[in-house]
Amino acid sequence: MPHIRKAVFPVAGAGTRFLPATKSVPKEMLTLVDRPLIQYAMDEARDAGIEEFIFVSAAGKGALEDYFDTAAALEMRLRAAGKVEALKALDCTRLPEGALTILRQAQPLGLGHAVRQAKNLIGDEAFAVILPDDVIKSEKGVLAQMIEAHRDLGGHMVAATDVPLSEISKYGVLDVASENGRVCCARGLVEKPSPHAAPSTKAVIGRYILERSIFDRLDALHPGAGGEMQLTDAINADVETVGVSGFTYDGQRFDCGSIQGYVQATAAFALDRADLHDEYSTFLSQKRQHLSLVA
Ligand code: UTP
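The notes below deal with the structure included here. (Residues numbered from 1 in each chain as written. Predicted model: local features only at pLDDT ≥ 70, side-chain atom pairs only at ≥ 80, totals over all residues. Heavy atoms only, no water.)

## Here's the deal with the overall build of the protein
Step number 1: The secondary structure content of the protein amounts to 11 helices and 13 strands.
Step number 2: Relative to the compact-globule value of 19 Å for 295 residues, the protein shows a C-alpha radius of gyration of 20 Å, a close match.
Step number 3: Counting only C-alpha atoms and orienting by the principal axes, one finds that the protein spans roughly 60 × 55 × 35 Å.
Step number 4: Of the contacts formed within the protein by residues at least 6 apart in sequence, a portion of 75% connects residues at least 24 apart.
Step number 5: Between the centroid of the 31 positive side chains of the protein and the centroid of its 39 negative side chains there is a distance of 4 Å. (Helix = DSSP H or I, 4+ residues; strand = E, 2+ residues; numbered from the N terminus. Rg over C-alpha atoms; globule rule 2.2 N^0.38 Å. Contact = heavy atoms within 4.5 Å. Lys, Arg positive; Asp, Glu negative; His and termini not counted. Charge placed at Lys NZ, Arg CZ, Asp CG, Glu CD.)

As C-alpha cells, then:
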C-alpha cells in the first residue's frame, strides 16, 4: 500500500486576479494549451500513487465536477463519428469509481480553513495537499519526489523554492535551522513577512505532505495574515512536536494564480509540444523581431 494515498485539492478560491474570466469559469479550469490546470494537478497526484482525491470546492465551480464526470452524450457522438483520437483525449478525465469526493467550503476563510474541511475524510493517515494554480514542469512529478523524501523523514513537509527578497511577502517562508541536500529542517514558518522580517528566501509553494495532527492545529487556528486562516500558521504550531521540513524540488514552477505566471506557463507548455513547437517558436521569434524594430 502506498504510504500517502489521499490528496486534498483546495479549489474554493475566488480567483479574482483572473476576472472577468473567473466570473463564470473556475480558475482551475483555465487551460494551459488544451488541458485545464486541475488536470495537471490530478496527473501529478496520480503519478505519485494517490488513490483518493478530495476537492474542497465552492459555489459556482460546477464545471470542475462536470470535468471529471462521464460525458455520455459527447462520448456517444464521438464514437458514432469514429473520432477515436478525440475520445482518447478524454481518458485522462476518467477516475476509478468513488475516487473523487467533492466538499464545499461555505466561505473563503483561507487555505487553512479549506484544508480543515477534509478532516473527516482523512482518517489517521498522512496526506498530500496540492494547489492546482502552482504548476510545476519536471521530469518526475514534485509530489512523487516529496513522497519519496517523506518516507524516511515523516512530519509535515512543504515544497520550497528560493524567491527574490522583493517577492517574499507573497509567500509563507521557512526559518531554516539546517539543510541536507534537497531537505531542510525548519525551526518555524512565517506567512507573508515583509522583506526585512523574512527569516530566509525559502518560500513555501503549493505542495504539502501533512500528518493527521494538522487538524488539531487547524481546529485551534485564528485568522492570520490578511485576516485569513493560514495553513502556514497551523504547520508552524507543529514545529516542535511533529517536525517540519522544506523540500527543494527539482522542476520549474509557474504561479498560474497570477496572470504573468499563467501566460509564461502557456508559452512553456506550448513550446514543449511536438505538434506545436515549430510553428509557435517561429511566431515568437517574429514577434521578438517586430518588437526590436519598433523599439
Ligand atoms: P489564492 O491565494 O491564490 O486565492 O489561493 P484565490 O482566491 O484562489 O485567487 P485570487 O487571489 O482571488 O486571485 C491559493 C489556493 O488556496 C485555495 C485557492 O483555491 C487556491 O488553490 N483557497 C484559498 C481555498 O480553497 N479557499 C480559500 O478560502 C482560500
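Now, onward.
## A short note on the packing of aromatic side chains
Step number 1: Tallying each qualifying case throughout the model produces 9 aromatic pairs.
Step number 2: Taken together, the aromatic side chains of Phe9, Phe53, Phe55, Tyr67 and Phe68 make up a single cluster linked through ring pairs.
Step number 3: Taking NZ or CZ as reference, Lys137 lies 5.5 Å from the ring centre of Phe269, over its face. (Phe/Tyr/Trp six-rings, centres within 6.5 Å; stacked < 30°, edge-to-face > 60°. Lys NZ or Arg CZ within 6 Å of the ring centre and 35° of its normal.)

## Observations concerning the site of the ligand
Step number 1: Not every one of the 18 residues close to the ligand is listed here, only the nearest: Gly13, Thr16, Lys27, Gln105 and Gly110.
Step number 2: At 2.7 Å from a nitrogen atom of the ligand is found a side-chain nitrogen or oxygen belonging to Gln105.
Step number 3: Interatomic distance of 3.3 Å between a backbone N/O atom of Leu109 and an oxygen atom of the ligand.
Step number 4: In the complex, the protein chains occlude 80% of the 570 Å² of accessible area that the ligand would expose alone.
Step number 5: Looking at the shell around the ligand residue by residue, the class counts come to 9 nonpolar, 5 polar and 4 charged. (Near = heavy atom within 4 Å. Polar contact = N/O pair within 3.5 Å; in protein donor to acceptor, adjacent residues only side chain to side chain. Areas by Shrake-Rupley, 256 points an atom, 1.4 Å probe, with all protein chains shown as cover. Nonpolar A, V, L, I, M, F, W, Y, C, P; charged D, E, K, R; others polar.)

## Observations concerning the packing of helix 10 (residues 259-271) against helix 11 (residues 277-294)
Step number 1: Where helix 10 meets helix 11, the closest approach of the two axes is 8 Å, and the angle between their N-to-C directions is 135°. Between helix 10 and helix 11, the interaxial angle falls into the category oblique. Facing Ala267, Ala270 and Leu271 of helix 10, the residues of helix 11 in contact are His277, Tyr280, Ser281 and Leu284.
Step number 2: Looking at the contact of helix 10 with helix 11, its residues break down into 5 nonpolar, 2 polar and no charged. (Axes fitted to C-alpha atoms, helices over the stretch in contact; angles between N-to-C directions. Parallel < 35°, antiparallel > 145°, perpendicular 65-115°, else oblique.)

## Details of the nonpolar core
Step number 1: Counting residues in hydrophobic clusters, the biggest one holds 41 residues, and the most contacted among them are Phe9, Ile38, Ile50, Phe53 and Leu143.
Step number 2: Looking at this core, the element that brings in the most residues is helix 7 (residues 142-153), giving 6 residues.
Step number 3: When sequence neighbours within four positions are dropped, the list of residues in contact with Ile50 reads Ile4, Arg5, Lys6, Ala7, Ala45, Ala128, Leu143 and Ile147.
Step number 4: Counting 30 residues, the second-largest nonpolar core is a separate cluster that includes Leu131, Cys184, Val204 and Leu221. (Core = buried A, V, L, I, M, F, W, Y, C linked by side-chain atoms within 4.5 Å. Buried < 20%, exposed > 50% of the residue type's maximum accessible area, 1.4 Å probe, protein only.)

## Regarding the pairing of strand 11 (residues 202-210)
Step number 1: In terms of residue burial, strand 11 counts as a mostly covered element, since 9 of its 9 residues are buried.
Step number 2: Pairing between strand 6 (residues 127-130) and strand 11: 4 bridges, direction antiparallel. Looking across to strand 11, one finds that Val129 is bridged to Tyr208.
Step number 3: Summarising the sheet, strand 8 (residues 156-162) and strand 11 pair through 6 bridges and their orientation is antiparallel. Across the sheet, residue Thr161 finds its bridge partner in strand 11, namely Ala203.
Step number 4: One ladder, built from 2 bridges, connects strand 9 (residues 172-180) with strand 11; its direction is antiparallel. When the bridges of strand 11 are listed, Gly172 appears paired with Val204. (Pairing = 2+ DSSP bridges.)

## What about the side chain of Lys27?
Step number 1: Among the structural elements, Lys27 can be located in the loop between strand 1 (6-10) and strand 2 (31-32).
Step number 2: You can call Lys27 buried: its relative accessible area is 9%.
Step number 3: Among residues more than four places away in sequence, those in contact with Lys27 are Gly15, Phe18, Thr22, Leu37, Lys61, Asp133 and Gly257.

## A word on the state of the cysteines
Step number 1: In the structure shown here, the tally under the stated rule is 0 disulfides.
Step number 2: No disulfide involves Cys184; its sulfur sits 7.6 Å from the nearest other cysteine sulfur, which is in Cys185.
Step number 3: Assessed through its relative accessible area of 1%, Cys184 is described here as buried.
Step number 4: Lacking any disulfide linkage, Cys256 is separated from the closest cysteine sulfur, that of Cys92, by 17 Å. (Disulfide = S-S within 2.5 Å.)

## Structural notes on helix 1 (residues 37-47)
Step number 1: Most of helix 1 is tucked away: 8 of the 11 residues are buried.
Step number 2: Of the residues flanking the end of helix 1, it is Gly49, one or two places downstream, whose phi is positive at about 95°.

## Some words on the environment of Cys185
Step number 1: By secondary structure assignment, the location of Cys185 is in strand 10 (residues 183-191).
Step number 2: Using a relative accessible area of 38% as the deciding quantity, one classes Cys185 as partly exposed.
Step number 3: Separated by 62 residues in sequence, Cys185 and Phe247 have C-alpha atoms that sit 9.1 Å apart.
Step number 4: With sequence-adjacent residues up to four places away left out, Cys185 is seen in contact with Asp175, Val176, Ala177, Ser178 and Val244.

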